[in-house]
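The residues making up each chain are set out below.
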Amino acid sequence: MNVCVIGTGYVGLVTGTVFADLGNEVICVDNVKKKIDMLNSGVMPIYEPGLREMVLRNVEEKRLSFTTKISDGIRKSKVIFIAVGTPPKANGESDLTAVEEVAREIARYMDDYKIIVNKSTVPVGTGNFVRNIIEKFKRNNCDFDVVSNPEFLKEGSAIADCLYPDRIVIGVPNHHVAMALLELYAPLERPMLITDVESAEIIKYASNAFLATKISFINFIANICEKAGADVTLVAKGMGYDSRIGSHFLQAGLGFGGSCFPKDTLSLLCTAKKFKEDASILESVIKLNENRVPRFANRIMEKLKPMKGKVIGILGLAFKPNTDDLRDAKSLVLIRDLLKKKASIKVFDPVAMDNAKNILKNVTFCKNAYDVAKGADALVVVTEWNEFKLLNLDKLRQNMRGSYLFDGRNIYARERVERAGFKYICIGMR
Ligand code: UDX
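Residues numbered from 1 in each chain as written. Predicted model: local features only at pLDDT ≥ 70, side-chain atom pairs only at ≥ 80, totals over all residues. Heavy atoms only, no water.

Glancing now at the nonpolar core. Ile312, Ile314, Leu338 and Tyr412 are the most contacted members of the largest nonpolar core, which has 68 residues in total. Per-domain counts for this core show at least three residues from each of domain 2 (204-228 + 250-289) and domain 3 (292-426). In contact with Ile312, not counting residues within four places along its chain, are Leu304, Met307, Leu338, Ala343, Ser344, Ile345, Lys346, Ala378 and Val380. Val26, Ile115, Ile170 and Tyr185 belong to the second-largest nonpolar core, a separate cluster that totals 40 residues. (Core = buried A, V, L, I, M, F, W, Y, C linked by side-chain atoms within 4.5 Å. Buried < 20%, exposed > 50% of the residue type's maximum accessible area, 1.4 Å probe, protein only. Domains from an automatic or database assignment. Contact = heavy atoms within 4.5 Å.)

Quick look at the site of the ligand now. In the vicinity of the ligand, 19 residues are found, and the nearest of them are Phe152, Leu153, Glu155, Gln251 and Gly257. Taking Glu151, its main chain carries an N or O atom lying 3.4 Å from an oxygen atom of the ligand. Surface burial for the ligand is 91%, taken as the share of its 660 Å² of free accessible area covered by protein chains. When residues in the shell around the ligand are grouped by element, the largest group, 3 residues, is from helix α9 (residues 197-228). (Near = heavy atom within 4 Å. Polar contact = N/O pair within 3.5 Å; in protein donor to acceptor, adjacent residues only side chain to side chain. Areas by Shrake-Rupley, 256 points an atom, 1.4 Å probe, with all protein chains shown as cover. Helix = DSSP H or I, 4+ residues; strand = E, 2+ residues; numbered from the N terminus.)

Under the criterion given, the structure shown has 25 salt bridges. Residues Asp21 and Arg57 are paired through a salt bridge, measuring 2.9 Å at the closest nitrogen-oxygen approach. With Asp21 in helix α1 (residues 10-21) and Arg57 in helix α3 (residues 51-60), the pair connects residues that are 36 residues apart, well separated along the chain. What makes Arg57 partly exposed here is its relative accessible area of 37%. One salt bridge connects Asp242 with Arg244, and the closest N-O pair in it is separated by 2.8 Å. A relative accessible area of 24% means that Asp242 is categorised as partly exposed. Each of Arg131, Glu135 and Lys138 takes part in salt bridges that share partners, so that together they form one network. (Salt bridge = Lys/Arg side-chain N within 4 Å of Asp/Glu carboxyl O.)

Right, let's talk about the sheet that holds strand β10 (residues 344-348) for a bit. Strand pairing in a sheet relies on backbone hydrogen bonds, with the paired strands running either antiparallel or parallel. Spatially, β11-β10-β9-β12-β13-β14 is the arrangement adopted by the 6 strands of the open sheet, whose pairing is parallel. Either end of the sheet is taken by a strand with one partner, and the two such strands are β11 (364-365) and β14 (423-426). Judged from the 4 bridges that link them, strand β9 (residues 311-315) and strand β12 (residues 378-381) form a sheet pairing that is parallel. Paired with Ile312 across the bridge in β12 is Ala378. (Pairing = 2+ DSSP bridges.)

Taking 1.5 Å per residue, 12 residues should reach 16 Å; α1 reaches 16 Å between its end C-alpha atoms and fits that length. A large share of α1 lies buried, amounting to 10 of its 12 residues. Among all positions of α1, only Tyr10, Gly12, Leu13, Val14, Thr15, Gly16, Thr17, Val18, Phe19 and Ala20 are buried. A positive backbone phi angle near 110 degrees is found at Gly23, which sits one or two residues after α1. (Expected span 1.5 Å × (residues − 1).)

Right, let's talk about a nonpolar patch on the surface for a bit. Nonpolar side chains collect at one region of the surface, where Phe217, Phe220 and Ile224 lie side by side and expose about 270 Å² of accessible area between them. With respect to the helices, strands and loops of the structure, Phe220 is situated in helix α9. Residue Phe220 is classed as partly exposed on the basis of its relative accessible area of 37%. (Patch = residues over 30% accessible without salt bridge, like charges linked within 9 Å, V, L, I, M, F, W, Y side chains within 5 Å.)

All chains considered together, the criterion is met by 8 aromatic pairs. Feature note: the residues Phe19, Phe81 and Tyr185 constitute an aromatic cluster, connected by ring pairs. Lys357 extends its terminal NZ or CZ atom over the ring of Phe365, reaching a point 5.6 Å from the ring centre. Taking the ring centre of Tyr404 as reference, the NZ or CZ of Lys423 above it sits at 5.1 Å. (Phe/Tyr/Trp six-rings, centres within 6.5 Å; stacked < 30°, edge-to-face > 60°. Lys NZ or Arg CZ within 6 Å of the ring centre and 35° of its normal.)

Attention now goes to the side chain of Asn58. On the secondary structure map, Asn58 appears in helix α3. A polar side-chain atom of Asn58 sits 2.8 Å from a polar atom in the side chain of Asp21. Excluding its chain neighbours within four sequence positions, the residues that come into contact with Asn58 are Thr17, Ala20, Asp21, Arg63 and Leu64.

Parsing the protein into structural domains produces domain 1 (2-195), domain 2 (204-228 + 250-289) and domain 3 (292-426). Here domain 1 and domain 3 have C-alpha centroids that lie 38 Å from each other. Counting residues at the interface gives 6 residues for domain 1 and 8 residues for domain 3. Carbon and sulfur atoms supply 47% of the area that domain 1 and domain 3 bury against each other, a total of about 580 Å² over both sides. Counting the surface domain 1 buries against domain 3, the share from its top three residues, Tyr10, Tyr47 and Glu155, is 79%. Our count for the domain 1 to domain 3 interface comes out at 1 salt bridge. Between Glu155 and Arg327 there is a salt bridge, with the nearest N and O atoms lying 3.6 Å from each other. (Buried area = accessible area lost by both parts, 1.4 Å probe.)

Listed below in structure tokens is the structure:
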């Protein structure tokens with residue numbers, strides 16, 4: 001099938017590449033020339049394990065191409081995916097400006113029947129919105145359908161998530177268009193759910209908000225564990241064995257960040273308010289999440305005060321492991337709080353350093369974790385990269401001036417850390 005994917009962010013680039021790998025002819029379009037130039041010279045604009053190899057292979061085999069010319073992509077393809085950003089506005093609503101612009105371009109260039117698929121995370125009603133724009137601006141009488149096909153991939157495992165999704169949700173206005181999408185996804189042999197457009201749009205937000213709720217819930221339990229002398233990792237394990245609850249997304253820590261959960265929970269909150277529905281459940285989820293870093297920062301400051309002149313080493317900057325993404329990363333909030341208290345900050349992340357250098361000022365960028373530890377009064381684990389789990393703790397401790405290890409992701413066993421001479425403070429335990 002001839003497929004066009006508009007937007008080469010995480011979702012668009014990975015989806016387009018996977019469709020090409022399944023044998024389709026895919027044109028990926030982006031209006032940022034620098035990104036397209038990078039892709040055309042084999043350089044990935046994002047860090048995602050396995051992506052580069054898959055892109056290069058499909059470009060080589062001429063199934064995948066990159067262009068800034070949206071008209072080419074639209075004219076040559078039967079199915080057009082919209083995968084552009086929908087960032088939050090100041091009031092938390094999703095900003096649909098990019099979706100609207102793309103819809104106008106599609107209206108302008110389409111010359112044949114087209115299936116327009118919304119892959120961007122968009123509030124319920126956006127399918128209709130896109131349909132109305134195309135109807136209004138189209139230049140000839142060709143027919144089209146608008147479909148909602150939300151993406152559930154996670155950064156860091158995006159390719160695998162795309163190839164082996166738990167489910168494929170396809171929200172369609174009629175049976176005919178459903179068949180075309182089923183055909184496109186059939187090679188994956190995964191469960192598919194056909195719904196109306198609005199239900200598909202809500203499935204995406206409901207799923208993300210539910211997972212965010214699970215995280216805030218376990219973090220709330222972690223707060224109680226800290227006071228009660230219990231261990232949240234054991235509590236989560238005990239809960240997770242119940243198959244109705246499941247063990248996923250019960251990792252207590254510094255809360256959820258990234259490009260999806262914070263913005264999607266806010267957007268769903270706005271939708272609920274728009275429909276005049278009580279949204280206090282979501283408000284609590286968001287509030288609990290926002291309190292994670294200040295609460296942890298207070299625990300750090302209690303132990304180290306006065307903060308002036310103290311050297312704090314931060315291990316991990318990305319919002320989660322296996323990505324270089326710093327959007328809504330907890331590291332940034334924590335570093336800002338500690339700098340305000342006049343601490344000196346040293347940082348290291350295995351892949352997010354280049355991105356961090358564009359954002360973080362007044363911190364020392366280090367070569368590795370041992371370099372971070374040199375002369376530090378305390379270390380703080382913010383991102384649970386595998387390479388931090390296997391550090392030589394004796395060597396780390398010997399490099400330091402102080403002896404505190406604050407673990408915001410519970411990656412160490414207390415005995416091991418204490419044996420190396422650390423004072424260990426983690427989440428959801430005394
Ligand atoms: C998420 C959804 O999982 C994915 O389906 C959707 O398409 C996009 O949003 P992503 O943001 O890439 O994916 O990362 P995810 O692995 O879900 O983690 C999100 C945040 O939650 C991270 O900050 C992570 O550290 C945090 N988290 C996750 C926890 O604090 N505890 C957990 O148990 C799980």
